[in-house]
Amino acid sequence: MMVGFEEMVLKCPEGDARTYVRDAIRCYESGAYRAAIVSAYVAVCFDLIEKLRILASAGDAAATVETEALSNLQTRHERDDQAAIGGLLVFERSLLELFRDKFDFFGIDEFEQLSRLRFDRNRCAHPSFTRANEPFQPTAELARLHIRNAIEYVVSQPPKQGKAALAGLQATVLAPYFPSKTPEIVARLKGSGLGNARPSLTKAFIDELAFGFATKGNPYYSKLAIPPVISAVIEIDRVNALQRAIQNTQKILANPDKDAVRMGAALVVWISEVAEALDSASKATMSTWLAKNEEESLAGIVRRALRISWLKDDAVKSIPRLTREQMGRISGDLPTELLEHAATLFSTSPNWDTANSFAAKVAIPYAANFRASDIDMIFRNAREGKGDLRGSHGFTDFVEALYNVSPLGAAAISALLEQHGHEDYKR
């Protein structure tokens, strides 16, 4: 559905540029299409000059030089220096090139569209620009297109785009108190200028995050915050960010460097939308990587891999390899396959120290999640001596935790204890 002008205007911050945008819309609605195009271009010029001043006030050296030059020309003009008029006209005519070349603000297509606006504005405002006897007669569609482009490519955008914007986003992501949960990350990134970002900035940011995450020496390298940040960018702009993230992840997994592959695999298990869209070569790499993985964080990797449809079988095959130490590092909700493995490891603890440690790190924290079959196995193995649980304070604390939090209820826990000869542990 075609977006209405009022909705477009809401994207524009208050100021002179927004005023000229509204003028352009009023002209368009009254059928004055030449005036609409002229006002749209004036809005662009006002806004770019204001952006230049904002960048200068923030300490941008190039912007400072340009604003000082403009201020000098304006001062001379106010003093009736006729030579300054030519300088001001040159400054205005070169605004688009200035923001493209020095501030990386426009992409190729954006610059081309705005150049057309400038060209058509000249045809509307300067009769000498055409040899025809009739004045230039723009169509309603052309006027609407130019107004839309003025808003979308300039007036609605934050001052920083391109390299400056990427540097600002990097500083935001690497800040000490950057949030860790997706909703908060989304809000923070939108507040840093990504909410109204053009597709070119979104794609460039995904590139920086993904390849930086996999490149040694990059500020983003191996930072645990990066996969959630990529997920948040996808949520903000799914159309442009998701496909870019998929493409980049596939490139990283094709890298011969094993550390890069490890980072690419982390993106896969963290971002389910990326995982489900990978090509067959990337899936094969992931299956092999998971089968050979011996990292301390393997339990957490398997936990996430179990939720990926094509990787689940490989994840299930990896579960028997998970050690008590690896399971002790896990966090978050556990799938039933990992809960069963946790029950097996706990019920076969070789000594009290092991039982106490595993109870504190895994069995007790997940007491509310164990199924009746898991608890039955733990009590049975304790009875049969397959694990040294009886007498350990870890087993005592685990039973107490079951009474407190298990959804099975106290009566069911007592019945299982009695069934396996652990009456002395009943409440």
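Residues numbered from 1 in each chain as written. Predicted model: local features only at pLDDT ≥ 70, side-chain atom pairs only at ≥ 80, totals over all residues. Heavy atoms only, no water.

### A look at the packing of aromatic side chains
Line of reasoning, step 1. Summed over the entire model, instances satisfying the criterion amount to ten aromatic pairs.
Line of reasoning, step 2. Taken together, a centroid distance of 5.6 Å and an interplanar angle of 80° make the contact between F99 and F105 edge-to-face.
Line of reasoning, step 3. Residue class for F99 comes out buried when judged on its relative accessible area of 0%.
Line of reasoning, step 4. Judged by its relative accessible area of 1%, F105 falls in the buried class.
Line of reasoning, step 5. Aromatic side chains F395 and Y425 sit 4.9 Å apart centroid to centroid with 75° between the ring planes, which places their arrangement in the edge-to-face category. Pair noted here: F395 is in helix α23 (residues 393-405) and Y425 is in the segment after α24 (410-419), with a separation of 30 residues, a long-range link. Each of the two residues, F395 as well as Y425, counts as buried.
Line of reasoning, step 6. Following the ring pairs from residue to residue traces out a cluster consisting of F99, F103, F105 and F106.
Line of reasoning, step 7. Here the guanidinium or amino end of R100 rests over the ring plane of F111, the centre of that ring lying 4.2 Å away.
Line of reasoning, step 8. The aromatic ring of W270 is capped on one face by R304, whose charged end is 3.6 Å from the ring centroid. (Phe/Tyr/Trp six-rings, centres within 6.5 Å; stacked < 30°, edge-to-face > 60°. Buried < 20%, exposed > 50% of the residue type's maximum accessible area, 1.4 Å probe, protein only. Helix = DSSP H or I, 4+ residues; strand = E, 2+ residues; numbered from the N terminus. Lys NZ or Arg CZ within 6 Å of the ring centre and 35° of its normal.)

### Quick word on the side chain of E110
Line of reasoning, step 1. Positionally, E110 belongs in helix α7 (residues 108-125).
Line of reasoning, step 2. Dropping the residues within four chain positions of it, E110 is found in contact with F105, Y153, R198 and S200. (Contact = heavy atoms within 4.5 Å.)

### Focus: the nonpolar core
Line of reasoning, step 1. Counting residues in each nonpolar core, the largest one holds 92 residues, and the members touching the most others are L189, F205, I230, F346 and F379.
Line of reasoning, step 2. The element contributing the most residues to this core is helix α14 (residues 258-270), with eight residues.
Line of reasoning, step 3. Beyond its immediate chain neighbours, meaning those up to four positions away, F379 contacts F395, F398, V399, L402, I413, L416, L417, H420 and H422.
Line of reasoning, step 4. Judged by nonpolar contacts, the second largest core, of 48 residues, contains A36, L70, L73 and F99. (Core = buried A, V, L, I, M, F, W, Y, C linked by side-chain atoms within 4.5 Å.)

### Points about the side chain of Q326
Line of reasoning, step 1. Its place among the elements puts Q326 in helix α19 (residues 324-327).
Line of reasoning, step 2. Within the structure, the side chain of Q326 is placed 2.9 Å from the backbone nitrogen of T323, a separation counted as a polar contact.
Line of reasoning, step 3. Beyond its immediate chain neighbours, meaning those up to four positions away, Q326 contacts E294, E295, E296, L298, A299 and R321. (Polar contact = N/O pair within 3.5 Å; in protein donor to acceptor, adjacent residues only side chain to side chain.)

### Some remarks on the environment of T64
Line of reasoning, step 1. Tracing the backbone shows T64 in helix α4 (residues 61-78).
Line of reasoning, step 2. For T64, a relative accessible area of 25% corresponds to the partly exposed category.
Line of reasoning, step 3. Counting along the chain gives 52 residues from T64 to C12, while the straight-line C-alpha distance between them is 24 Å.

### A closer look at the pattern of salt bridges
Line of reasoning, step 1. Under the definition given, this model contains 22 salt bridges.
Line of reasoning, step 2. Residues E66 and K102 are paired through a salt bridge, measuring 2.8 Å at the closest nitrogen-oxygen approach. Taken as a pair, E66 in helix α4 and K102 in the loop between α6 (95-101) and α7 lie far apart in primary sequence, 36 residues in all.
Line of reasoning, step 3. Ionic pairing is found between R390 and D424, a salt bridge with its closest N-O pair at 2.7 Å. One end of the pair, R390, is in the loop between α22 (372-384) and α23; the other, D424, is in the segment after α24, with 34 residues separating them in the sequence.
Line of reasoning, step 4. The partly exposed category is assigned to R390, whose relative accessible area is 31%. (Salt bridge = Lys/Arg side-chain N within 4 Å of Asp/Glu carboxyl O.)

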